[in-house]
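The chain contents come next:
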Amino acid sequence: LVVTDGGLVGQVFALSGSEVRIGRAARNDVVLADPSLSREHARLSFIDGAYHLSDLQSGNGTFVAGRRIEQAVLQFGQQLTFGSVSCRFENASRTPPSVIAAAPASRALMQGLRSLWRRPPTPPPLEVSTLMPLGRLSPPLSPQIFARVAAAAVALGLFVGACGFFAYRLQRLRAQSQLHVALGLGITAFAAHDFDAAAGHFAEGAIVAPRNARLQHYVQALPRERLAQTQLSQAQQAVQGSDWPRAHALAQGILDSTFRADAQKVLQDIDGELEVQVARAQAAIDGGQFDEATRLLAPVQGIYPDRPDVNAVMVKVRLQSRGGSRIALPRTPAAPTAASKPQFVELSGRLGAAQRAFTAGNIDDALHILDAVNSEAGAALRLRIENFASAYETGVAAHLVKRAGASIVALQQAKSLASAISGGNSHLLSGINHRLADMYYVQGTEQLAQGALPEAYASFRSGIEAEPDHAYNRRQLSDLLGRAKQIYDGLGTSTPTDGLKAGLLMVLRITPAEAELHRQARSRLNRL
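Residues numbered from 1 in each chain as written. Predicted model: local features only at pLDDT ≥ 70, side-chain atom pairs only at ≥ 80, totals over all residues. Heavy atoms only, no water.

A.B. asks: So what's going on with the sheet that holds strand 7 (residues 67–69)? Which residues, and what values?
C.D. replies: Read across the sheet, 5 strands follow the order 1-10-9-6-7 without closing on themselves; strand pairing throughout is antiparallel. Since the sheet does not close on itself, it has two edges, and those belong to strand 1 (2–3) and strand 7, each with one partner. (Pairing = 2+ DSSP bridges. Helix = DSSP H or I, 4+ residues; strand = E, 2+ residues; numbered from the N terminus.)

A.B. asks: If you had to explain unusual backbone geometry to someone new, which residues and values would you point to?
C.D. replies: What is expected of a backbone is that most residues other than glycine have negative phi and most peptide bonds are trans. Phi is positive for His 193, which is not a glycine, with a value near 65°. Residue His 193 is classed as partly exposed on the basis of its relative accessible area, which comes to 22%. In this structure, Ser 242 is a non-glycine residue whose phi angle is positive, near 60°. With relative accessibility at 45%, the residue Ser 242 sits in the partly exposed group. (Buried < 20%, exposed > 50% of the residue type's maximum accessible area, 1.4 Å probe, protein only.)

A.B. asks: I'd like to hear about the environment of Val 64, residue by residue, with values.
C.D. replies: Relative to the assigned elements, Val 64 resides in strand 6 (residues 62–64). On the basis of relative accessibility, which here comes to 6%, the residue Val 64 falls in the buried class. Along the chain, Val 64 and Leu 53 lie 11 residues apart, while their C-alpha atoms are 8.9 Å from each other. If we skip the residues at most four places from it in the chain, Val 64 touches Leu 53, Ile 69, Ala 72, Leu 74, Gln 78, Gln 79 and Leu 80. (Contact = heavy atoms within 4.5 Å.)

A.B. asks: An account of helix 18 (residues 516–527) is needed here, citing residue identities and associated values.
C.D. replies: Its 12 residues place the ends of helix 18 17 Å apart at the C-alpha level, agreeing with the 16 Å of an ideal helix rising 1.5 Å per residue. The complete set of buried residues in helix 18 reads Leu 517, His 518, Ala 521, Arg 524 and Leu 525. What you see down the axis of helix 18 is that its buried residues fit within an arc of 135°, all on one side. What points out from helix 18, more than 90 degrees from its buried face, is the exposed set Asn 526 and Arg 527. Its buried side turned inward, helix 18 meets helix 16 (471–489) and helix 17 (497–509). (Expected span 1.5 Å × (residues − 1). Arc of directions from axis to C-beta.)

A.B. asks: Which residues make up the sheet that holds strand 3 (residues 30–31), and what are the values?
C.D. replies: Spatial strand order, 3-2-4-5-8: 5 strands in an open sheet with mixed pairing. Two strands close off the open sheet at either side, each with one partner strand: strand 3 and strand 8 (71–74). Pairing analysis gives 6 bridges linking strand 4 (residues 42–47) to strand 5 (residues 50–55), with the strands arranged antiparallel. When the bridges of strand 5 are listed, Ile 47 appears paired with Ala 50.

A.B. asks: How would you sum up the packing of aromatic side chains? Please name residues and give values.
C.D. replies: Within the structure shown, the criterion is met by 13 aromatic pairs. Residues Phe 190 and Phe 195 carry aromatic rings whose centres are separated by 5.6 Å and whose planes lie at 70° to one another, so their mutual orientation is edge-to-face. Residue classification places Phe 190 among the buried positions, given a relative accessible area of 8%. The class for Phe 195 is buried, based on a relative accessible area of 3%. Consider the rings of Phe 190 and Tyr 218, whose centres lie 5.3 Å apart with planes at 80°: the pair is edge-to-face. Of this pair, Phe 190 sits in helix 3 (residues 143–191) while Tyr 218 sits in helix 5 (residues 213–240), placing them 28 residues apart in sequence. A connected cluster of aromatic rings, assembled from ring pairs, spans Phe 190, Phe 195, Phe 202, Tyr 218 and Phe 259. (Phe/Tyr/Trp six-rings, centres within 6.5 Å; stacked < 30°, edge-to-face > 60°.)

See the structure below:
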């Protein structure tokens, strides 16, 4: 059958066997994938030396020479129509060479091999191929004809393969060009903090290269930078409202973002304002205005709870006013700096008793003992214990409502003060460490949801440092190691150098240094 009309024009179907079924379904011997055909449209049979065509109750009918039939005896050269597909019933020996060449090369090759090496077996009553006439056997192919057919088939295969290869390479080059343009525009917008435009460009790049490591690095950074932009705006508003502790905490939280320079400027402005507050407090003390001095120094202590010069002024206030009310610290204190980290000094007498009471976890008993002490050292210890109590209360309150950032800052401050007062032996430290581990886990899961893998890794590691047996943090670190393995395995030899470096750096930032995967990524990065 030679298709002469419709979407399948040019196709040639070799017929074999005493019965051939024709239709749209794949189970037929001759499959004409045209919607005008029924699934089982017609049947061709060889009966008593003649070829009979029967319609199988098809929807659009079967036609012979333009006439619809239920059953008909065929002659070579007749035009057959199945639905809207027209075919010509040909004797293969009379088929033009161009039609024969259109048959599948693999079938022609097998026919040639059969004629060269062995005589074909006796066929059944109807054994038809594209190289044989219907109804009788043709002589075997000569070696010369087979060689030509085989050479043509090989040449055609090589030509088709070369065309496919060049088309693939052209497509790859076009995709790489589109990716580089999208990445370049996206990175430019990212650096200018135009995150909406950057997201659009990165989305265009993801269409052609969704697994590109460099692209994924920027896509994952977008939520984090949007959050940093919001925090910077809130910090600047807090500065304008003179809420120095809150502004300081917000600015500290974005120092690792692209807004680092803006955050540093906010911190410098805050430190300058705090120096003014300390000078005003000293002038208030000189004028006997102790309550005013206490009010002025409260925000300074909220940021630097154990700053030596501020503590000295506060002790002076306590002594000259013969004890004052407990200092109200802000609800979101910042972590102490390394320079102001309190140091432990073992005390004796009543001060030692107050210190031991605090170590046992009895804060009220410690403060009651200090009520009878009227000295500079007693005032300094009371100030430290009160600062601890305020930070601890803030941390616990934030822990209850899962405000991870505020709770971590306050609990770290409380931990530092408790270690300084008790030498690291306070019974309160285990509870502080457990709450810290909880909050680092909450903070890490929030960062994971934003796609900030390195930051999440740092949070889970901090949780393990606070409480080594914290199961949730350990499980998350194990999951991150699995994600790092996926990133590493996805960095093939075809990955561009920039993308390869970005992927390896990501692996290094979310795996522990002792892990084998970390060492492999480091070695591979050093070879670039």
